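The primary structure of each chain is shown beneath.
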Amino acid sequence: MAKPNTKTPKTRSLRDLLLVHELIFITLIVLAVMGGIFGIHLWDKSAKESQRIHILVQETQQTRGDLYRQMKELFDAFLLSDTNAKEEYKTYTLSILKHFQNLERLAVGSEEQQAIADLKENYKIFVSEAPDMFYRYQTSPNSESRKALYQDMETGIFSRYETVSKRVENLLTLKQNELKTRLQEAKQTSIIILSIPVLLAGLLLIASRTFLKRAIVKPIHAMMKATREISTGNLQHQVPDTGAEELSILSQEINKMADDLAESRDALVRTEKQAALGLLVPMLAHNIRNPLASIRATAQVIDVRDDDKETQESINGIMSTVDRLERWTTSLLAYLHPVKPALSKVSFKKIVLSSLVPLQQKLHEKNINVSMHIQPEEQTILTDEHLLEQVFYNLILNAIEASPQNSEIQFAALIKQNRLEINIIDQGSGMPFTPAPNAISPGKSTKRFGTGLGIPFAFKACEVLNGSIKFQSIAHGGTQITLQFPQ
């Protein structure tokens, strides 16, 4: 029974699977490194931004502090007549201008730059208006003018500067809060990015475990079970063709090995049977031939021409049966014993004609013509004359038995380029089976009284002569036998 043609899914090789595993592993490393770099970048960027805002706040506060100190120097210069106050005033002026330069350099974005510009503009107003106030006070230094001076300073210049300064500080405070929010978001993003490789690593671990179990562990267990079954003699056990490509190929090889072992075991059994037969046949042949010789001798003695027709036919039947049994015994002995060729130079045509001599009666009975085409006709070959003659005898005998009445058997031979090719073609019904050259036992005979040893003997003889033989049925009836021998 033919096995169903089931297609197994294509499996990946271990090399490919390991390559995919390594690529995924490298990808996880790259993702982890990228996540780390991203987190470091965000942290560095946030740290720099936080430092910049802190410096802006610090510079703003130092500007306001220097402004108050500068104002004190004005009071000391105009109210207390401090001679060093003017120099101190100039020093604080330079310090404040330097703070504004730092603020302008650190400001980022139009909003910060505009706030710093407003703060600087208010400072310029203070520098231009404050001395005038003190000069007006000196023109009439009394309590009323001093009170007016304090009120103008508090509600005018300082109020405007404080308003602008507060606005700058609020802006920077708002930026600090935004920075904290971004840092929190960046922290969450970094955690998510770093968790992806961890999650993928867990999935890779689960997938690797599943793959190892399905593609390697289970197939190896199946192979171990198969080896135990095969070692106990169960050669019909088959390993499932699963797993990675290499293990699948190994499973197929184990199954093939089991099939080969089963065939070898069957062949060994047949060989042992044939060996036993080889030991038995010579003894049986000896015990059969002696009675056969006595029977035939007795039949020849009582064979008288004056006997009636029925008696004559019975005597001829006895001798024919004895001759047939003798041929069976001889063929069986020839088939079972080793054949050793005796090579010599001999005429090829002579071998063919010698093989046809004992077949003339059978050819005459069925009115069969043997047409011979031998090229070149007088060619001599190196072979075992008697062995090749027996091969031709058996093959032509089979052709005669298979051919109908009034038919023809073609015998063609061509010797060319150190090779002898022979074709024997009959007009019978064809062979019901194709003979196997490596058959351990004789094939079945298609003739009523055949032994089935003619073709196996031909195979055996061709083998010892380094030749080959092939049987082929012809489409419109008949069989073609092709023999080839090196020269």
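Please refer to the structure placed before this passage.
Residues numbered from 1 in each chain as written. Predicted model: local features only at pLDDT ≥ 70, side-chain atom pairs only at ≥ 80, totals over all residues. Heavy atoms only, no water.

1. Notes on helix H9 (residues 385–402)
- Between its first and last C-alpha atoms H9 spans 26 Å; for 18 residues at 1.5 Å apiece the expected length is 26 Å, and the two agree.
- Glu 385, Leu 387, Leu 388, Val 391, Phe 392, Asn 394, Leu 395, Ile 396, Leu 397, Ala 399 and Ile 400 are the residues of H9 that are buried.
- Its side-chain oxygen at 3.2 Å from the backbone nitrogen of His 386, Asp 384 defines the N-terminal cap of H9. (Helix = DSSP H or I, 4+ residues; strand = E, 2+ residues; numbered from the N terminus. Expected span 1.5 Å × (residues − 1). Buried < 20%, exposed > 50% of the residue type's maximum accessible area, 1.4 Å probe, protein only. Polar contact = N/O pair within 3.5 Å; in protein donor to acceptor, adjacent residues only side chain to side chain.)

2. Overview of the side chain of Ser 371
- Within the secondary structure, Ser 371 sits in strand S2 (residues 369–375).
- Given a relative accessible area of 13%, Ser 371 falls into the buried group.

3. Some details on the pattern of salt bridges
- Under the counting rule described, the total for this entry stands at eight salt bridges.
- Linking Arg 52 and Glu 112 is a salt bridge whose minimum nitrogen-to-oxygen distance equals 2.8 Å. Taken together, the residues Arg 52 in helix H1 (residues 14–78) and Glu 112 in helix H3 (residues 109–139) connect sequence positions 60 residues apart.
- Judged by relative accessible area, Arg 52 falls into the buried class, the value being 12%.
- Of the charged contacts, one joins Asp 260 and Lys 256 as a salt bridge, the two residues approaching to 3.2 Å between their closest N and O atoms. Linking Asp 260 with Lys 256, this pair stays in helix H5 (residues 245–301), spanning four residues, or about one helical turn. (Salt bridge = Lys/Arg side-chain N within 4 Å of Asp/Glu carboxyl O.)

4. Points about the sheet that holds strand S4 (residues 408–415)
- With respect to topology, five strands assemble into an open sheet ordered S2-S4-S5-S7-S6, the strand pairing being mixed. Whereas interior strands pair on both sides, the edge strands pair on one side only; in this sheet they are S2 and strand S6 (468–473). Mean inter-strand twist for the sheet, computed between neighbouring axes without regard to direction, equals 10 degrees.
- Two elements, S2 and S4, share seven bridges in a ladder whose sense is parallel. Residue pairing across strands places Ile 374 opposite Ala 413, the latter belonging to S4.
- In the packing of H9 onto the sheet, contacts are made with S4, strand S5 (419–425), S6 and strand S7 (479–486), and the angle to S4 comes to roughly 150 degrees. (Pairing = 2+ DSSP bridges. Axes fitted to C-alpha atoms, helices over the stretch in contact; angles between N-to-C directions. Contact = heavy atoms within 4.5 Å.)

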